[in-house]
Amino acid sequence: MKSVLAVSTVLSVLSEVVDAYANPLSCSGTCTNAHDPSLVRRDDGTYFRFSTGGKVAVHTAPSIQGPWTYKGAALPNGSKINKAGNQDLWAPDVTKVGSTYYLYYSVSSFGSQDSAVGVATSTTMDVGSWTDLGSTGVESVAGSNFNAIDGNLQSANGKLYMNFGSFWSDLFQIEMTATPTKVAKAVTSATQIAFVPTSPQAQEAAFGYKYGSYYYLFFSVGSCCGYDSSRPAAGKEYKIQACRSSSVSGPFVDKSGKSCLQGGGTTVLESHDWVYGPGGQGVISDPSLGPVLYYHYVDTRIGYADGQKQFGVNKLDFSSGWPVV
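Since the structure is predicted, the reported quantities are computational estimates derived from the model, not experimental observations. (Residues numbered from 1 in each chain as written. Predicted model: local features only at pLDDT ≥ 70, side-chain atom pairs only at ≥ 80, totals over all residues. Heavy atoms only, no water.)

**Re the environment of V221**
Turning to step 1, where the next piece is worked out: Inspection of the secondary structure assignment puts V221 in strand β14 (residues 214-221).
Turning to step 2, where the next piece is worked out: For V221 and P278, which are 57 residues apart along the polypeptide, the C-alpha to C-alpha distance reads 9.6 Å.
Turning to step 3, where the next piece is worked out: Apart from the residues within four sequence positions on either side, V221 is in contact with A202, Q203, E237, Y238, K239 and Q241. (Helix = DSSP H or I, 4+ residues; strand = E, 2+ residues; numbered from the N terminus. Contact = heavy atoms within 4.5 Å.)

Printed below as a string of structure tokens:
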């Protein structure tokens, strides 16, 4: 009996080791002020990190691990979009197309569906170089089938697409014009790419990334914010999941084969050790580290406030066909 118990205990420990998540790589400099990060490496090797708050806060570093230095606001005058929240911009997403960088941002207020995804352009990403162009045409109002925030630009087969959405029927995709400042067709024709049938539809922050022959759809699930005042039930805090497809527009399925339109999603990273509520993620192909997952999280040793969100980075292993931290 003791030997059986011992074997069971060993197997349990081994299982926990196998399923364990790696802690974030070390970060130096300003590693806070990192909510909803977007990470871009310029051709000269400088890393730029854009984040929610401060009219899109901009930090730079010589390495993905820092030291990170605050440079200022990307859009110091806010957005020209005439909606509430145009001075408090959310969820930046920066992508280079040709010789131009496109910064997508969300204009909304918490819990509202009166929302829009705006865009600004720059050829350098430096603070002071961004020109706000206003709305991309990805907009929503109360009663829309989606919430028009969390825009993410993705390229596939010579075309450009925007992934977007948060709660309210979850995640959608729309084709953009070749110069991706506007939608290529009415946003009401957007394709739904992920959906949880049961309320609340707590999916947001879609991020598309192609690796090998698959298009991977990363997204955040659960409650993102306000952990210092109201902690969600265990397991209901933010976590990062993914589905994949052979097409940029789906259909997407998780590792078990469950459709992402039926609540599917394979967990890539969730709370563990002192890491709590990881989300707001993106993926970058780093020249020295390979595929890297970046995100914000709460370090429970520091504090749970939104202003204390930390910048997290982990290498990703796709050898199994699925992203593993």
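Text resumes after the structure shown.
**Here we look at the state of the cysteines**
Turning to step 1, where the next piece is worked out: Summed over the entire model, instances satisfying the criterion amount to three disulfides.
Turning to step 2, where the next piece is worked out: Here C243 engages in a disulfide with C260; their sulfurs sit 2.0 Å apart. Across the disulfide from C243 to C260, rotation about the S-S bond amounts to roughly 85°, and the bridge is consequently right-handed. Linking C243 in strand β15 (residues 239-245) with C260 in the loop between β15 and β16 (266-269), this pair joins segments that are 17 residues apart in sequence. Note on accessibility: C243 and C260 belong to one class, buried.
Turning to step 3, where the next piece is worked out: Sequence-ordered numbering of the bonded cysteines in the protein gives a pairing of 1-2, 3-4, 5-6. (Disulfide = S-S within 2.5 Å. Buried < 20%, exposed > 50% of the residue type's maximum accessible area, 1.4 Å probe, protein only.)

**Quick look at the confidence of the model for the protein**
Detailed reading of predicted coordinates is not advised where the pLDDT is low.
Turning to step 1, where the next piece is worked out: Confidence in the prediction for the protein averages 94 pLDDT; 94% of positions are at 70 or higher.
Turning to step 2, where the next piece is worked out: Taken as a whole, residues 1-18 scores under 50 in pLDDT and shows zero contacts with residues more than four places along the chain or in a different chain. (pLDDT = per-residue confidence, 0-100.)

**A few points about the sheet that holds strand β19 (residues 310-315)**
Hydrogen bonds along the backbone pair up the strands of a sheet, which may run parallel or antiparallel.
Turning to step 1, where the next piece is worked out: The strand order across the open sheet formed by three strands is β17-β18-β19, and the pairing between neighbours is antiparallel. Of all the strands in the sheet, just β17 (275-286) and β19 have a single pairing partner and so form its edges. Strand-to-strand, the axes of this sheet are offset by a mean angle of 30°, without reference to chain direction.
Turning to step 2, where the next piece is worked out: For β17 and strand β18 (residues 290-299), the ladder comprises eight bridges, and the chain directions are antiparallel. Bridge assignment links G279 to a residue of β18, and that residue is H296. (Pairing = 2+ DSSP bridges. Axes fitted to C-alpha atoms, helices over the stretch in contact; angles between N-to-C directions.)

**Quick notes on the sheet that holds strand β2 (residues 47-51)**
Turning to step 1, where the next piece is worked out: Read across the open sheet, the four strands follow the order β1-β2-β3-β4; overall the sheet is antiparallel. Bordering the open sheet on either side are β1 (38-41) and β4 (69-73), each of which pairs with just one other strand. Strand-to-strand twist in this sheet, taken as the mean axis angle between neighbours without regard to direction, amounts to 25°.
Turning to step 2, where the next piece is worked out: The pairing of β1 with β2 spans four bridges and is antiparallel. Bridged to S38 within β2 is F50.

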